[in-house]
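# Report on the structure
Spelled out, the chains give:
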Amino acid sequence: MIAEGGCLCGAVRYRFDAEPTNIGYCHCSMCRKASGSPVIAACTLPRDRLQMLQGEDALVRYPSSPAVTRLFCGTCGGHLFFDIPDEPDTIDIWLGSLDEPDRVVPTFHIYAADAVAWHRIDDGLPRYPAGRAK
Ligand SMILES: [Zn+2]
Ligand SMILES: [Zn+2]
């Protein structure tokens, strides 16, 4: 799959050529706070298949825990990537940053135990109370 994406203001643009894996929703409290939304969705890509088209210097890196650094646009705040130091060969992309998010379809929920109570989910996908092995 070849796909492109970017942030809200357009300063940061990326492109990848790979089949996304590990496509799922995350309900954890850190993603919730980072996004201001009840849930986010993300996928994993081989790092060497992700190409920054522009705006790499506009990315702000925020280490929200030792396990995850979050990358977002310093101008508009649009979240784009998770950088996981323990997984140097891959990078995770937030699906909402894709130009055509319909093409990458989530297959599970993680941190479902932390999901907001009023967020009703009836999609039938597997729900993991915490994380899951990739
Ligand atoms: Zn931006
Ligand atoms: Zn999360």
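All residue numbers refer to position in the chain's written sequence, counted from 1. Working convention: letters from A go to chains and numbers from 1 go to ligands, in the order in which they are written. A pLDDT threshold of at least 70 governs which residues receive local features in this predicted model, and a stricter bar of 80 or more applies before side-chain atom pairs are shown or counted, although totals over entire chains, interfaces and linings include all residues. Side-chain measures here rest on the full set of heavy atoms in the structure, leaving out hydrogens and waters.

Quick reminder of the rule: UniProt positions are given in the numbering used here, feature names are shortened, and annotations may be inferred rather than shown by experiment.
Per an unreviewed UniProt entry, the recorded name for the protein is GFA family protein, and the organism is Sphingoaurantiacus capsulatus. The UniProt entry for the protein carries this comment under Sequence similarities (unreviewed entry): "Belongs to the Gfa family."

## Focus: the overall build of the protein
This is how it is decided: Each helix is a run of H or I in the DSSP string that is no shorter than four residues. Each strand is a run of E no shorter than two, and both are numbered from the N terminus. Radius of gyration: C-alpha atoms only; globule rule: 2.2 Å multiplied by the number of residues to the exponent 0.38. Whether a residue is buried, partly exposed or exposed follows from its accessible area with a 1.4 Å probe, protein chains only, as a fraction of its type maximum: under 20%, in between, or over 50%, in that order. Areas reported here follow the Shrake-Rupley algorithm with a probe of radius 1.4 Å; residue values treat only the protein chains shown as occluding. Neither His nor the chain ends contribute to the count of charged residues, in which Lys and Arg are positive and Asp and Glu negative. For this purpose, a charge sits on NZ of Lys, CZ of Arg, CG of Asp or CD of Glu.
Tallying secondary structure elements over the protein gives 1 helix and 10 strands in all. Since a compact globule built from 134 residues should have a radius of gyration of about 14 Å, the 14 Å found for the protein is in line with a globular shape. Dimensions of the protein along its principal axes, counting C-alpha atoms only, are 40 × 30 × 30 Å. With 134 residues in all, the protein has 42% of them scored as buried. About 7400 Å² of surface is accessible on the protein, with carbon and sulfur atoms providing 52% of the total. Computing the positive centroid from 13 side-chain charges and the negative centroid from 17, the protein places the two 5 Å apart.

## Re the coordination of the zinc ion (ligand 2)
Octahedral metal centres with six donors ideally show angles of 90 or 180 degrees, and tetrahedral centres with four donors ideally show 109.5 degrees. The test is simple: Distances define the donors: N, O and S atoms within 2.8 Å of the metal qualify, as do those within 3.2 Å of Na, K or Ca. Water is excluded, so some sites may look unfinished.
For the zinc ion (ligand 2), the protein coordination sphere consists of Cys26 (SG), Cys28 (SG) and Cys31 (SG), at 2.1 to 2.3 Å. Counting residues between consecutive donors of the zinc ion (ligand 2) along the chain gives the motif C-x1-C-x2-C.

## With respect to the coordination of the zinc ion (ligand 1)
Looking at the zinc ion (ligand 1), the protein donor atoms are Cys7 (SG), Cys9 (SG), Cys73 (SG) and Cys76 (SG), and they sit 2.3 to 2.4 Å from it. Sequence positions of the residues that donate to the zinc ion (ligand 1) give the spacing C-x1-C-x63-C-x2-C. Here Cys7 is found in the loop between strand E1 (2-6) and strand E2 (13-17), whereas its partner Cys73 is found in strand E7 (residues 68-73), with 66 residues between them in sequence. The two residues Cys7 and Cys73 agree in class, both being buried.

## Remarks on the pattern of salt bridges
For clarity, the threshold we go by: We define a salt bridge as a contact between a side-chain nitrogen of Lys or Arg and a carboxyl oxygen of Asp or Glu at a distance within 4 Å.
Scanning all chains against the criterion turns up 7 salt bridges. Residue Asp99 is joined to Arg13 by a salt bridge in which the shortest nitrogen-to-oxygen separation is 2.6 Å. With Asp99 in the loop between strand E9 (90-94) and strand E10 (109-110) and Arg13 in strand E2, the pair connects residues that are 86 residues apart, well separated along the chain. A salt bridge links Arg47 to Asp83, with the nearest nitrogen and oxygen atoms 2.7 Å apart. Of this pair, Arg47 sits in the loop between strand E4 (40-46) and strand E5 (50-54) while Asp83 sits in strand E8 (residues 79-83), and the two are 36 residues apart along the sequence. Look at the salt bridges and you will find they share partners, linking Glu4, Arg13, Arg15 and Asp99 into a network.

## Comments concerning the nonpolar core
Put simply, the test is: The set of buried Ala, Val, Leu, Ile, Met, Phe, Trp, Tyr and Cys residues whose side-chain atoms join them within 4.5 Å is what this entry labels a nonpolar core. Residue contacts are defined here by distance: any two heavy atoms, one from each residue, within 4.5 Å place the two residues in contact.
Ranked by size, the top nonpolar core spans 21 residues in total, and within it Tyr14, Phe16, Leu50, Leu80, Phe81, Ile93 and Leu95 carry the most contacts. Here this core takes 3 residues from E4, the largest share from any one element. With sequence-adjacent residues up to four places away left out, Leu80 is seen in contact with Gly6, Cys7, Val12, Tyr14, Leu59, Leu71, Phe72, Cys73, Asp92, Ile93, Trp94 and Ser97.

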